[in-house]
Amino acid sequence: MNNAIAQTTALLSTCALLLTGCGGGGGSVTNSPNSTTTNNTTTNTTQTTTTSGAIPIGIALAQTSNVALLGQEGFVGARIAEKYFNSKGGINGTPIKLVNQDTSGDEAGAINAFQTLINKDKVVGIVGPTLSQQAFSADPIAERAKVPVIGASNTAKGIPEIGDYVARVSSPVSIVAPNSLKAALKQNPQIKKVAVFYAQNDAFNKSETEIFQTAVKQQGLELVTVQKFQTTDTDFQAQATNAINSKPDLVIISGLAADGGNLVRQLRELGYKGIIIGGNGLNTPNVLSVCKALCDGVLIAQAYSPEYPGEINKVFRQTYIEQYKKEPAQFTGQSFAAVQVYVEALKELDKKTKISTLPLDKLRTELNKQILAGKYDTPLGEIAFTPVGDVIQKEFYVAQIKMDKDGNTGKFVFIK
């Protein structure tokens, strides 16, 4: 998987270098094969295009930093969607082209990526950023520019409320997270004491832990300790020891893949034997390389299942397995779905008014309206949007990590 990700990331970086836009905010999308591009694009030019004459959709996800463990999965899902929908004719005969910008792992990286996609690459809309923490800083830039944004992994409270041009296909943590607690209680009805850990420097994890702590209290369980850490931490001995001394029956972790995986590993090494629930930041197969054999048994709520019987999910799943020899993860499916929403909304809009005749600012505005008005049969199931831009989704799941005997490989096994 790591080799495949490295190859994919290299390919995406190469493609990103080949994709530049030219044109002003009032320019129109053109499909002319004779269109040209420049590396010195400014907002004073009059036309928007890519080197291939395709319709540009921005992908602003993390390719570097510890957040890349999540962002790279998103890139894979988006790339599979690009190839699939272009094979089906793109936007009524015109292909789409993903324009990739690395957000890295902080707010500055997301802001820079958004500004480049909006002002230089002239994309019609953006998928991203990777973290909710980044979204609270970068999404307002798109809102002011009136450029549609679809978050594929932003689940914190308040994301769609950032503005009229901000939506998400990632269901809010308030809906998804409590499902894993219910699953833990089903596995062990004797759970009484709960220890909670969360990354205090990340907006999503602060939001998620509030949901978990509320759910713990609603179940009548005792919250024996709350331990804080940073997403950049690698040593959790003090926090883990403090928690273990409180003798919890259950541990809940809200962090990212690197820090969360290390915390799982250190808890097990110090002797904790109870159930561990991982939050959405640990919801990636990349966490397996961090805690390895000690990942075994971790419960994580899911907004995507490879086993969902929809036709487009069957295609997506088969394509992913053929390339990576394992099941696709949630962030991959959500990024595919985000690109799909753009494609289907653009197709509907093009039927009403040819996209090639619309000024870019008008296209972005009308596209945003069409996104919110549509219904989409995605790998996540059928989804739609509330008027404010939050996803409406019916299907949710819980998976448990099952590690192989070698202690290095494993998979997410969905439990009933």
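Attention here is on the structure that accompanies the text. Throughout, a residue's number is its position along its own chain's written sequence, starting from 1. Totals for whole chains, interfaces and linings use every residue, but because this is a predicted model, local features are given only for residues with pLDDT of at least 70 and side-chain atom pairs only at 80 or more, for both listing and counting. Excluding hydrogens and water, the side-chain figures rest on all heavy atoms present in the structure.

Moving on: unusual backbone geometry. For the peptide bond that leads from Gly128 to Pro129, omega is -10°, which places it in the cis range. Here Ser104, not a glycine, exhibits a phi torsion of approximately 55°, which is positive. Helical segments are the DSSP runs of H or I of at least four residues, strand segments are the runs of E of at least two, and each set is numbered from the N terminus. Within the fold, Ser104 resides in the loop between strand E4 (96–102) and helix H3 (107–119). Each residue gets one of three labels from its accessible area relative to the maximum for its type: buried under 20%, exposed over 50%, partly exposed in between, using a 1.4 Å probe on protein chains only. Looking at Ser104, the relative accessible area reads 22%, which means it is partly exposed. Although it is not a glycine, Lys122 adopts a positive phi angle of roughly 55°. Looking at where Lys122 falls in the secondary structure, it is placed in the loop between H3 and strand E5 (126–127).

A separate point is the packing of helix H6 (residues 178–187) against helix H7 (residues 203–218). How two helices pack is summed up by the angle between their axes together with the distance between the axes. In this analysis an axis means a line fitted to C-alpha atoms, helices contributing only their contacting stretch, and an angle means the value between N-to-C directions, from 0 to 180 degrees. Viewed as axis vectors pointing N to C, H6 and H7 meet at an angle of 40°, and their least axial separation amounts to 9 Å. For the element pair H6 / H7, the angle class is oblique. For the element pair H6 and H7, the recorded crossing hand is right-handed. Where H6 abuts H7, its residues Pro178, Ser180 and Leu181 lie against Ile211, Phe212, Ala215 and Val216. Partitioned by chemical class, the residues of the contact of H6 with H7 number six nonpolar, one polar and no charged. These descriptions rest on fixed angle ranges, namely under 35 degrees for roughly parallel, over 145 for roughly antiparallel, 65 to 115 for roughly perpendicular, and the rest for oblique. A crossing counts as left-handed when the near helix is turned anticlockwise from the far one by less than a right angle, and as right-handed when that turn is clockwise. Two residues qualify as a contact provided that any one of their heavy atoms is within 4.5 Å of a heavy atom in the partner residue. When residues are sorted by character, Ala, Val, Leu, Ile, Met, Phe, Trp, Tyr, Cys and Pro go into the nonpolar class, Asp, Glu, Lys and Arg into the charged class, and all the rest, Gly among them, into the polar class.

Attention shifts here to the packing of helix H11 (residues 311–324) against helix H12 (residues 330–352). For the pair H11 and H12, the least separation of the axes is 12 Å and the interaxial angle reads 125°. In terms of their interaxial angle, H11 and H12 are classed as oblique. Seen from above, H11 lies across H12 with right-handed handedness. Counted together, Ile312, Phe316 and Tyr320 of H11 and Thr332, Gly333, Phe336 and Gln340 of H12 form the full contact between these two elements. Classifying every residue of the contact of H11 with H12 gives four nonpolar, three polar and no charged.

The next point concerns the packing of aromatic side chains. In this description, an aromatic ring pair is defined by two values, namely the gap between the centres and the angle between the planes. Note on aromatic contacts: the rings of Phe and Tyr and the six-membered ring of Trp form a pair at centre separations within 6.5 Å, being stacked when their planes are under 30 degrees apart, edge-to-face when over 60 apart, and tilted otherwise. Enumeration according to the criterion identifies ten aromatic pairs in this entry. Ring centres of Tyr84 and Phe336 lie 6.3 Å apart, and the angle between their planes is 40°; this geometry places the pair in the tilted category. Taken together, the residues span a long stretch of sequence, with Tyr84 in helix H2 (residues 68–87) and Phe336 in helix H12 at a distance of 252 residues. Residue Phe336 is classed as buried on the basis of its relative accessible area of 1%. One aromatic cluster is present, formed by Tyr84, Phe85, Tyr304, Phe316, Tyr320, Tyr324 and Phe336 through successive ring pairs.

Another aspect to go through is the environment of Gln219. Tracing the backbone through its elements, the reader meets Gln219 in the loop between H7 and strand E9 (222–229). For the pair formed by Gln219 and Lys182, sequence separation is 37 residues and the distance between their alpha carbons is 8.9 Å. Contact partners of Gln219, with chain neighbours within four places excluded, come to Leu181, Lys182 and Leu185.

Looking along a regular strand, one sees side chains alternate from face to face of the sheet. Only strands joined by at least two bridges in the DSSP assignment are considered to pair. As judged from the six bridges shared by strand E16 (residues 397–403) and strand E17 (residues 410–415), these two strands associate in the antiparallel manner. By the bridge assignment, Ala399 is partnered in E17 with Phe414.

Strand order in the open sheet made by the three strands is E13-E14-E15, with antiparallel pairing throughout. Edge strands, defined here as strands with exactly one partner in the open sheet, are strand E13 (376–378) and strand E15 (391–393). Ignoring which end each strand starts from, the neighbouring axes of this sheet average 35° apart. Looking at chain direction, strand E14 (residues 381–385) and E15 are connected through three bridges and run antiparallel. Looking across to E15, one finds that Ala384 is bridged to Ile392. Of the strands in this sheet, E13 and E14 are in contact with H12, which crosses E13 at around 145°.

Just distances and angles here, no functional claims.
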